[in-house]
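One letter stands for each residue in the lines below.
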Amino acid sequence: MTDTKRLAFSIIQFLHDQLNSGGLSSDTQESLEVAIQCLETAFGVSTEDHNLAVTQTLPEIFASATPSHPDTPEAKVNSSGQSPSEEQVAEAERLKTDGNDQMKVENFGAAVEFYSKAIALNPQNAVYYCNRAAAYSKLGNYAGAVQDCEQAIAIDPNYSKAHGRMGLALASLNKHTEAVSYYKRALELDPDNDTYKSNLKIAEQKMRETPSPTGGMGGVDLAGLLSNPGFMNMASNLMNNPQVQQLVSGMMSGAYGGAPPPPAAGAGAGAGVGGGVPGGFGGGLGGGLGGGLGGGVTAGGAGPNDLSGLIQAGQQFAQQMQQQNPELIEMLRSQMRSRPPSASNDEQH
């Protein structure tokens, strides 16, 4: 069954590449999406199952299996393991150039096909594997990119771009420790490459990152948040709002249930703010405030209906925060977004 799933994964990946290749009509795109969904459901796989990836793509297998097709004027595939002929080398270079052209117009699926045909003709050229790895990364097939980078490095251990692209693919798979080692090797081979330097710093930062003791979900630093003058000013204005005062008064007086004993420091509101912030200032913060305050009240004996009321109150509170200062909320939300590694200045050879 595993081999069947691998075959299904390869077909799904091929269809996914075609879907992202561009130039398709809306009907064709819809048909491909339906086909992908049907295959995923039938075989219980998806494009996220990178462990099912194989070393060759369907276009590469097809190119190897149809070298003498009458409609294909290309040179024969080099399947003997011997050095390619001059004709094969020239044709492979032409295919690589075609692949590079497709990369420039962001037609990544077509680029994969051209690079795969070039590899079939001249499988000992590290550049072809490395270029196809770049196309795979653009398509989100990071497992395929890792495999191609491994092959490129095996052919040419001193190929800096292969090490750099391996680091990028591993980082995209959240394997930051491994990514660091490849970025360092890339810098050893190309010390002046600013992209490698930047990506190395990001990967090292990801390795060091640990949840802040004062932070909530997502590593949000609540201490820094509460020391933000804009945030505190907004909170102060909200607490002076009669409607908000009524909400808080209702909570404290047991309008949503019996008056509870004061919860331990951080057990109620602190937990709520920490849990809500990563979800976005709105429903996320509202749910967090409501859930946190609800936790404190429930400990004092409030029932499920009281908890529901508190969550609703927290959501109303968060909505007012959003209306009070949407610019600040958007700024704080942006600060929480992680910075992805850079693939800039990463041109094909």
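No experiment lies behind these values; they were computed from the predicted model shown.

### Digging into the overall build of the protein
Consideration 1: If you tally the helices and strands in the protein, you get 17 helices and 0 strands.
Consideration 2: Looking at the 349 residues of the protein, the share that counts as buried comes to 39%.
Consideration 3: Pairs at least 24 apart in sequence give 62% of the contacts found in the protein among residues at least 6 apart.
Consideration 4: Summed over its atoms, the accessible surface of the protein is roughly 18300 Å², and 52% of this surface lies on carbon and sulfur atoms.

### Structural notes on the pattern of salt bridges
Consideration 1: Taken as a whole and assessed by the stated rule, the structure comprises 5 salt bridges.
Consideration 2: Of the charged contacts, one joins E188 and R185 as a salt bridge, the two residues approaching to 3.0 Å between their closest N and O atoms. Of the two residues, E188 and R185 are both situated in helix α9 (residues 176-189); the distance of 3 residues between them amounts to about one turn of the helix.

### Notes on empty space enclosed by the protein
Consideration 1: Counted according to the given criterion, the structure contains 2 cavities of 30 Å³ or more.
Consideration 2: Of the voids in this model, the largest cavity is the one considered here, and its volume is about 170 Å³.
Consideration 3: Taken together, 20 residues form the lining of the largest cavity, with V54, Q56, T57, Y136 and N141 sitting closest to its centre.
Consideration 4: Residue assignment for the lining of the largest cavity shows that the elements contributing at least two residues are α1 (2-19), α3 (58-65), α6 (126-138) and α7 (142-155).
Consideration 5: Counting residues per element, the lining of the largest cavity draws most heavily on α1, which supplies 5 residues.
Consideration 6: A breakdown of the residues in the lining of the largest cavity according to their chemical character gives 9 nonpolar, 8 polar and 3 charged.

### Let's talk about the nonpolar core
Consideration 1: Core analysis: the largest hydrophobic core is formed by 26 residues, its most contacted members being M103, A135 and Y183.
Consideration 2: Every residue in contact with M103, bar those within four places of it in the chain, is listed here: F108, A111, Y115, A134, A135, K138 and Q348.
Consideration 3: Counting residues in each nonpolar core, the second largest holds 14 residues, with I119, A126, Y129 and Y159 among its members.

### Thoughts on α1
Consideration 1: Given a rise of 1.5 Å per residue, 18 residues ought to cover 26 Å, and the 25 Å separating the end C-alpha atoms of α1 matches this to within 8%.
Consideration 2: All buried positions along α1 are accounted for by A8, F9, S10, I12, Q13, L15, D17 and L19.

### Some details on the packing of α9 against helix α10 (residues 194-208)
Axes are the key here: two packed helices are described by the angle between their axes and the distance separating the axes.
Consideration 1: It is at 9 Å that the axes of α9 and α10 come closest, and there the two elements cross at 155°. Classified by the angle between their axes, α9 and α10 sit roughly antiparallel to one another. Considering how the two elements wind past one another, α9 and α10 form a crossing that is left-handed. Each of H176, T177, V180, Y183, K184, A186 and L187 in α9 lies in contact with α10, whose residues at this interface are Y196, K197, N199, L200, A203, E204, K206 and M207.

### Concerning the packing of α6 against α7
Consideration 1: In contact at an axis separation of 8 Å, α6 and α7 are set at 165° when each is read in the N-to-C sense. Accordingly, the angle class assigned to the pair α6 and α7 is roughly antiparallel. In the crossing of α6 with α7, the sense of the turn from one axis to the other is left-handed. Residues A126, Y129, C130, R132, A133, Y136 and S137 of α6 form the contact with α7, whose own contacting residues are Y142, G144, A145, D148, C149, Q151, A152 and I155.
Consideration 2: Tallied by class, the residues present in the contact of α6 with α7 amount to 10 nonpolar, 3 polar and 2 charged.

### Examining the side chain of N100
Consideration 1: Considering the arrangement of structural elements, one finds N100 in helix α4 (residues 86-104).
Consideration 2: There is a polar contact of 3.3 Å between the side chain of N100 and the side chain of N131.

### Some remarks on the environment of A111
Consideration 1: Within the element layout of this structure, A111 appears in helix α5 (residues 108-121).
Consideration 2: Its relative accessible area of 0% is what places A111 among the buried residues.
Consideration 3: Considering only alpha carbons, one finds A111 and R132, 21 residues apart in sequence, at a separation of 7.4 Å.

### Things to note about α4
Consideration 1: The end-to-end C-alpha distance of α4, which contains 19 residues, comes to 27 Å, matching closely the 27 Å that a straight helix rising 1.5 Å per residue would cover.
Consideration 2: Residues Q88, E91, A92, L95, K96, G99, N100 and M103 constitute the buried set of α4.
Consideration 3: Turning to α4, the residues buried within the fold contact α5 and α6.
Consideration 4: At the exit of α4 stands E106, carrying a positive phi of roughly 60°.

### Quick word on the environment of E113
Consideration 1: Structurally, E113 is set in helix α5.
Consideration 2: On the accessibility criterion, E113 (25% relative accessible area) is partly exposed.
Consideration 3: C-alpha of E113 to C-alpha of E60: the two residues are 53 residues apart in sequence and 7.2 Å apart in space.
Consideration 4: Once you skip the residues sitting within four places of it in the chain, E113 turns out to touch F14, Q18 and P59.

### A few points about unusual backbone geometry
Consideration 1: Even without being glycine, E106 reaches a positive phi, approximately 60°.
Consideration 2: Of note, E106 is situated in the loop between α4 and α5.
Consideration 3: According to the relative accessible area criterion, E106 is exposed, its value standing at 56%.
Consideration 4: Non-glycine residue N174 carries a positive phi angle of around 65°.
Consideration 5: Residue classification places N174 among the exposed positions, given a relative accessible area of 61%.

Quick notes on the rules
- Residues numbered from 1 in each chain as written.
- Predicted model: local features only at pLDDT ≥ 70, side-chain atom pairs only at ≥ 80, totals over all residues.
- Heavy atoms only, no water.
- Helix = DSSP H or I, 4+ residues; strand = E, 2+ residues; numbered from the N terminus.
- Buried < 20%, exposed > 50% of the residue type's maximum accessible area, 1.4 Å probe, protein only.
- Contact = heavy atoms within 4.5 Å.
- Areas by Shrake-Rupley, 256 points an atom, 1.4 Å probe, with all protein chains shown as cover.
- Salt bridge = Lys/Arg side-chain N within 4 Å of Asp/Glu carboxyl O.
- 1 Å grid on protein atoms, 1.4 Å probe; cavity = no way out; pocket = protein on both sides within 12 Å on 5 of 7 lines; lining within 4 Å.
- Points joined across faces, edges and corners; volume = space filled by probe spheres on them.
- Nonpolar A, V, L, I, M, F, W, Y, C, P; charged D, E, K, R; others polar.
- Core = buried A, V, L, I, M, F, W, Y, C linked by side-chain atoms within 4.5 Å.
- Expected span 1.5 Å × (residues − 1).
- Axes fitted to C-alpha atoms, helices over the stretch in contact; angles between N-to-C directions.
- Parallel < 35°, antiparallel > 145°, perpendicular 65-115°, else oblique.
- Left-handed = near helix turned anticlockwise from the far one by under 90°.
- Polar contact = N/O pair within 3.5 Å; in protein donor to acceptor, adjacent residues only side chain to side chain.

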